[in-house]
Amino acid sequence: MSKTAFIFPGQGAQYTGMGKDFYEEIPVCREMIDLAGEVTGLNMPALLFEENEELNITEYTQIAMLSVEVAILKALEAQGVKADVTAGLSLGEYAACVCAGTLLEKDAFLLVRKRGILMQEAVPSGGAMAAVMGTGADLIEEICEKTEGIVSIANYNCPGQIVISGKAEAVEQAAGLLKEAGAKRCMMLNVSRPFHSPLLREAGDKLAEVLKDVKLNDGFTIPYVTNVTAEYVNTTEEIRELLRKQVSSSVMWQQSVENMIAKGVDTFVEIGPGKTLAGFMKRINKEVRMVNIGSVEDLEKAVELLI
């Protein structure tokens, strides 16, 4: 039996103007983006649609991405398209929690706004990330362990693309060792923080304090797959701890996708800006069907395909 997964991208896919056609043309999308602004005190249309420097600053990027992802999700659901399971890469996991029915939209917006601020403040300077292409996870893990200083795998994106994160000097040293060991390319990323590394553990602990006051719905509409373990989550008891750990642990994206495919998912719908997850999917499994929704035109085509 055919199964569908809704998947949501993370930070890095943002661009000025994302979601504007949804905001202007679909009332429920305007409602969601305005709600994000209302609960966070931010001018969301200005952040999303006007040229500004804030959109690429973590504390603003995360809420901007989530507001658009939730808006598109609501537009898709309004057309009667439903998923069997959901997942999101990094901050996209919060959109997945909304999709799964365990987080209310307003609570997700508040949490991600706070998450962005905590992650922005976590490591004032000295952090770095690098994308490693053309070598396996085992070698990368081995070299990270040998490297002096804090460096570890941040993202298992897809075969041939893994991201490392940690102290800048340690990341640079590991990148050099990986090139010597045969990696095709090691590219330093244009980020100011070492996301998904042990250096952000304190940010996760602070987020856990915020999570204590957030109500989680008992009933799941559908399960979601967590970045932390790549396993299906079906009960609310584990969510708070998983979201705490997610800030500083590796994003198990490739493993998450493989797990969903193993459980019968053959259609993936990427909801949000860009086609990052579709690019990963080409390397993970070319046999599944991949649908992207980043514009109203995409939505219309997707509804025709999926209903």
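Position numbers for residues count from 1 along each chain, tracking the sequence in the order it is written. Local features in this predicted model are restricted to residues of pLDDT 70 or higher, and side-chain atom pairs are both shown and tallied only at a pLDDT of 80 or more, whereas totals for entire chains, interfaces and linings draw on every residue. Side-chain descriptors were evaluated using all non-hydrogen atoms of the structure, hydrogens and water having been removed beforehand.

Asks: Let's hear about the nonpolar core: which residues, and what values?
Replies: What makes a nonpolar core is a set of buried Ala, Val, Leu, Ile, Met, Phe, Trp, Tyr and Cys residues whose side-chain atoms join them at distances within 4.5 Å. Each residue gets one of three labels from its accessible area relative to the maximum for its type: buried under 20%, exposed over 50%, partly exposed in between, using a 1.4 Å probe on protein chains only. Residues F6, L66, L76, L103 and Y224 are the most contacted members of the largest nonpolar core, which totals 78 residues. Once residues lying within four places of it in the same chain are set aside, the contact partners of L66 are L91, Y94, A95, A108, F109 and V112. I143, C144, Y156 and V171 belong to the second largest nonpolar core, which has 21 residues in total. Contacts are residue-level and defined by heavy atoms, with any inter-residue pair within 4.5 Å sufficient.

Asks: How would you summarise the pairing of strand β5 (residues 161-167) if you had to cite specific residues and measurements?
Replies: Each helix is a run of H or I in the DSSP string that is no shorter than four residues. Each strand is a run of E no shorter than two, and both are numbered from the N terminus. β5 sits mainly inside the fold: five of its seven residues count as buried. Pairing between two strands is assigned when DSSP locates at least 2 bridges connecting them. In this structure, strand β3 (residues 127-133) lies alongside β5, joined through seven bridges in antiparallel fashion. Counted as the bridge partner of A130 is I164 from β5. Here strand β4 (residues 151-158) pairs with β5 via six bridges, running antiparallel. Following the sheet pairing, N155 is matched in β5 by V163.

Asks: An account of the pattern of salt bridges is requested, with residue identities and associated values reported.
Replies: One speaks of a salt bridge when a side-chain nitrogen belonging to Lys or Arg is within 4 Å of a carboxyl oxygen belonging to Asp or Glu. Scanning all chains against the criterion turns up 10 salt bridges. The shortest N-O distance in the salt bridge between K206 and E202 comes to 3.3 Å. Highlighted residues: K206 and E202, both in helix α9 (residues 201-211), separated by four residues, approximately one helical turn. For K206, a relative accessible area of 44% puts it in the partly exposed group. What you see here is one network of salt bridges that share partners, running through K74, E77 and E105.

Asks: Could you give me a rundown of helix α11 (residues 253-262), with the residues and numbers involved?
Replies: All of the buried residues along α11 are W253, Q254, S256, V257, N259 and M260. Remark: G264 follows α11 within two positions and exhibits a positive phi of approximately 100 degrees.

Asks: Would you mind going over the packing of aromatic side chains in detail, with residue names and values included?
Replies: Note on ring pairs: Phe, Tyr and Trp rings are taken, using the six-membered ring of Trp, and paired if centres are within 6.5 Å. Classes follow the plane angle, with under 30 degrees stacked, over 60 edge-to-face and the rest tilted. Scanning all chains against the criterion turns up two aromatic pairs. Measuring from ring centre to ring centre gives 5.4 Å for Y23 and F49, while their planes differ by 55 degrees; the resulting arrangement is tilted. Separated by 26 residues along the polypeptide, Y23 in helix α1 (residues 20-25) and F49 in helix α3 (residues 44-49) bring together distant segments of the chain. With respect to class, Y23 is no different from F49; both count as buried. Seen in terms of ring centroids, F220 and Y224 are 6.5 Å apart; in terms of plane orientation they differ by 10 degrees. Their pairing is stacked. When its relative accessible area of 19% is taken as the criterion, F220 is described as buried. Residue classification places Y224 among the buried residues on the basis of a relative accessible area of 0%.

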